[in-house]
Amino acid sequence: PLRLAVLASGRGSNLQAILDAVACGRLDARIAGVFSDRRSSQALERAREAGVPATAVSPKGFASRALFDEHLFSLVDAVHPDLIVCAGYMRLISDAIVATRTGRMINIHPSLLPAFKGLHTHEQALQAGSTEHGASVHYVTPELDGGPVIAQARVPVQADDDAARLGTRVLDREHPLLVATLQLFASGRASLIDNRVYLDGQPLAAPLML
Ligand code: GAR
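Each value, and the rule that gives it
- Residues numbered from 1 in each chain as written.
- Predicted model: local features only at pLDDT ≥ 70, side-chain atom pairs only at ≥ 80, totals over all residues.
- Heavy atoms only, no water.
- UniProt positions renumbered as here; feature names shortened; annotations may be inferred.
- Helix = DSSP H or I, 4+ residues; strand = E, 2+ residues; numbered from the N terminus.
- Contact = heavy atoms within 4.5 Å.
- Axes fitted to C-alpha atoms, helices over the stretch in contact; angles between N-to-C directions.
- Parallel < 35°, antiparallel > 145°, perpendicular 65-115°, else oblique.
- Left-handed = near helix turned anticlockwise from the far one by under 90°.
- Nonpolar A, V, L, I, M, F, W, Y, C, P; charged D, E, K, R; others polar.
- Pairing = 2+ DSSP bridges.

An unreviewed UniProt entry lists the protein under the name Phosphoribosylglycinamide formyltransferase, with Agrilutibacter solisilvae given as the organism. What UniProt states about the protein under its Function (unreviewed entry) heading is, verbatim, "Catalyzes the transfer of a formyl group from 10-formyltetrahydrofolate to 5-phospho-ribosyl-glycinamide (GAR), producing 5-phospho-ribosyl-N-formylglycinamide (FGAR) and tetrahydrofolate." Under the Sequence similarities (unreviewed entry) heading, UniProt states for the protein: "Belongs to the GART family."

Peer 1: Sorry if this is basic, but what is going on with the UniProt feature "binding site: (6R)-10-formyltetrahydrofolate" (unreviewed entry) in the protein here?
Peer 2: Residues annotated in UniProt with the feature "binding site: (6R)-10-formyltetrahydrofolate" (unreviewed entry) correspond here to Arg65, Met90, Arg91, Leu92, Ile93 and Asn107. With respect to the secondary-structure elements, arginine 65 resides in helix 3 (residues 65-78). Excluding its chain neighbours within four sequence positions, the residues that come into contact with arginine 65 are Arg91, Leu92, Ile93 and Ser94. Ignoring sequence-local partners within four residues, the contact set of leucine 92 consists of Arg65, Asp69 and Leu144.

Peer 1: Is there a simple way to explain the UniProt feature "binding site: N(1)-(5-phospho-beta-D-ribosyl)glycinamide" (unreviewed entry) in the protein in this structure?
Peer 2: Residues annotated by UniProt as "binding site: N(1)-(5-phospho-beta-D-ribosyl)glycinamide" (unreviewed entry) correspond here to Gly12, Ser13 and Asn14. For glycine 12, the location among the structural elements is in the loop between strand 1 (2-7) and helix 1 (13-23). In contact with glycine 12, not counting residues within four places along its chain, are Ala43 and Arg46. Within the secondary structure, serine 13 is located in helix 1. Among residues more than four places away in sequence, those in contact with serine 13 are Arg46, Leu171 and His175.

Peer 1: How do you make sense of the packing of helix 1 against helix 2 (residues 42-49) when you look at a structure like this?
Peer 2: Relative orientation and spacing of two packed helices are given, respectively, by the angle between their axes and the distance between those axes. At a minimum axis separation of 9 Å, helix 1 and helix 2 run at an interaxial angle of 15°. Overall, the two elements helix 1 and helix 2 adopt an arrangement that is roughly parallel. The element helix 1 and its partner helix 2 pack so that their crossing is right-handed. Contact residues: Ser13, Leu15, Gln16 and Leu19 in helix 1; Ala43, Arg46 and Ala47 in helix 2. Of the residues that constitute the contact of helix 1 with helix 2, the class distribution is 4 nonpolar, 2 polar and 1 charged.

Peer 1: Please clarify how the sheet that holds strand 8 (residues 190-193) should be interpreted in this entry.
Peer 2: Sheet strands pair via backbone hydrogen bonds, and the direction of the pair is either parallel or antiparallel. Strands sit in the order 8-9-10 across an open sheet of 3 strands; the sheet is antiparallel. Unpaired on one side and paired on the other, strand 8 and strand 10 (202-203) mark the two borders of the sheet. Bridge count between strand 9 (residues 196-199) and strand 10: 2 bridges; the pairing is antiparallel. In the strand pairing of strand 10, leucine 199 is matched with glutamine 202.

In structure tokens:
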């Protein structure tokens, strides 16, 4: 099975979706470790509940982002992941770390990238008057939320939506999107070559709609 390291900062519902999919055999993977930059992250509890090693490293006490990341990723590397999954990991990762893990690190982002990078994506979508919104799973590259997109899920924006309602609708689709994308990796179907996504050995013309 594919060995995963999962990074999460908060609630951990995407981590839970992965844990559940692994437990019921829908995802041929094993979570080798869960890592958080926040001790209070619910993701840590969810991991421990499932018998998965969980580690928190607080950025406090590190003189720089680079030093924090070096330490955190030395712990990540120690579990020998095939793939590093940022599932609600809310901290920027230094270029040096990202650059040496190209093609082995993915992120789920709550928008239809390249639209609405960064934070508050549901507010951004409402403000822009979008009629469609969603989530993306992409390779992590040094450009924030700018790496090649592997797969997306779309949701309609409804007239009476506020950010919370829209966000809930997106989150419901994030979980199956992330699990299905991970299964592409588990079955060896997805890869990154020259900054392009390949599926089954063919370059992907557009993100998969899942
Ligand atoms: C998810 O909506 C995820 O897409 C988003 O944070 C939430 C985490 O929820 N990620 C980002 O915004 C990354 N910049 P979760 O902790 O319940 O999985």
